[in-house]
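Coordinate analysis (summary)
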Amino acid sequence: MTVRPIVSLLSGPNLNLLGEREPEVYGTDRLDELVEAATRRGEQLGLSIEHVQSNHEGDLVDAVQSARGRTAAIIINPAAYTHSSWALHDALAAYDGHVVELHLSNPAGREPWRSTSVVAPVATATISGLGAAGYPLAVDAVASLLALDRDG
Ligand code: DQA
């Protein structure tokens, strides 16, 4: 059996409320549906998706640390920690694989405080503003980045 590279999909605070939370901004899909869509795309592309959601900054830092040396990439929707968490920034800076920053909405087009991402400087790529479609697209992005690493 071939061992499939693992991709950590990390979801920050309040994303457990997706489906109920501001559907006009974030859409009507629940988080488990988004994870399912990403997992299915991963299966098609030979990647194994491992998901963690937490409302706690330290838990997300722990999840990034536990991905080190073990997973091929991180896809992270840091939610509000995008705009504030230097701890997450530093944990991601110490991660050895690709990081894809993911948002359902386009934070840059919303309130001014959402325009700053402290995660962006340590991300290889960012996907935002595509709603639920961004989840399988983030997996496509990881597959492309891994293929580039492999084949140039
Ligand atoms: C979000 C955008 C953030 O600004 C916000 O705090 C979230 C969700 C998004 O997916 O659009 O919780 O990351």
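Residues numbered from 1 in each chain as written. Predicted model: local features only at pLDDT ≥ 70, side-chain atom pairs only at ≥ 80, totals over all residues. Heavy atoms only, no water.

Some thoughts on the site of the ligand
All residues adjacent to the ligand are R21, Y26, N77, A79, A80, H83, H103, L104, S105 and R114. Between an oxygen atom of the ligand and a side-chain N or O atom of H83, the distance comes to 2.7 Å. R114 has a polar side-chain atom sitting 2.8 Å from an oxygen atom of the ligand. Burial of the ligand by the surrounding chains reaches 99%, relative to a free accessible area of 320 Å². Given that more than half its atoms are within 2 Å of the pocket grid, the ligand belongs to the largest pocket. Of the residues contributing to the shell around the ligand, the split by class is four nonpolar, four polar and two charged. (Near = heavy atom within 4 Å. Polar contact = N/O pair within 3.5 Å; in protein donor to acceptor, adjacent residues only side chain to side chain. Areas by Shrake-Rupley, 256 points an atom, 1.4 Å probe, with all protein chains shown as cover. 1 Å grid on protein atoms, 1.4 Å probe; cavity = no way out; pocket = protein on both sides within 12 Å on 5 of 7 lines; lining within 4 Å. Sits in = over half its atoms within 2 Å of the grid points. Nonpolar A, V, L, I, M, F, W, Y, C, P; charged D, E, K, R; others polar.)

Topic: helix α3 (residues 57-67)
Among the residues of α3, L60, V61, A63, V64 and A67 are the ones counted as buried. Here the buried residues of α3 occupy an arc of 160° about the axis, which is enough to place them on one side. Where α3 is buried, its residues contact β1 (6-11), β2 (48-53), β3 (73-77) and α4 (86-93). (Buried < 20%, exposed > 50% of the residue type's maximum accessible area, 1.4 Å probe, protein only. Helix = DSSP H or I, 4+ residues; strand = E, 2+ residues; numbered from the N terminus. Arc of directions from axis to C-beta. Contact = heavy atoms within 4.5 Å.)

Quick word on the side chain of S11
Along the chain, S11 falls in strand β1. A polar side-chain atom of S11 sits 2.7 Å from a polar atom in the side chain of H51.

Structural notes on the layout of surface pockets
Looking at the largest pocket, its volume works out to about 180 Å³. Lining of the largest pocket is provided by 17 residues; of these, R21, Y26, A79, A80 and R114 occupy positions nearest its centre. Here the lining of the largest pocket is built from residues that sort into eight nonpolar, six polar and three charged. (Points joined across faces, edges and corners; volume = space filled by probe spheres on them.)

With respect to the pattern of salt bridges
Within the structure shown, the criterion is met by seven salt bridges. One salt bridge in this structure joins R40 and E36, with 3.4 Å as the shortest N-O distance. Of this pair, R40 and E36 both sit in helix α2 (residues 31-45), four residues apart, which is roughly one turn of the helix. A residue is classified by how much of its surface remains accessible, and R40, at 45% relative accessible area, is partly exposed. A salt bridge links E50 to R70, with the shortest nitrogen-to-oxygen separation between them at 3.0 Å. Taken as a pair, E50 in strand β2 and R70 in the loop between α3 and β3 lie far apart in primary sequence, 20 residues in all. By relative accessible area, which is 27% here, E50 ends up partly exposed. Linked by salt bridges that have partners in common, R110, E111 and R114 make up one network. (Salt bridge = Lys/Arg side-chain N within 4 Å of Asp/Glu carboxyl O.)

Observations concerning unusual backbone geometry
At N14, a position not held by glycine, the phi torsion is positive, near 75°. Within the element layout of this structure, N14 appears in the loop between β1 and α1 (23-26).

Observations concerning α4
Listed in full, the buried residues belonging to α4 are L88, H89, A91 and L92. Projected down its long axis, α4 shows its buried positions confined to an angular sector of 165°, all on one face. Relative to its buried face, α4 has exposed residues pointing more than 90 degrees away, namely W86 and D90. Check the buried side of α4 and you find it contacts α3, β3 and β4 (98-102).

A look at the nonpolar core
Membership of the largest hydrophobic core comes to 26 residues, with the highest contact counts inside it found for I75, V100 and V142. Sorting the residues of this core by element identifies β1, α2, β3, β4 and α5 (134-151) as the ones contributing at least two each. The biggest single contributor to this core is α5, with eight residues. In this view, I75 contacts V7, S8, L9, L10, V100, L102, A138, V139 and V142; residues no more than four positions away in its chain are not counted. By size, the runner-up hydrophobic cluster in this structure holds 16 residues, among which are A63, A67, I76 and Y81. (Core = buried A, V, L, I, M, F, W, Y, C linked by side-chain atoms within 4.5 Å.)

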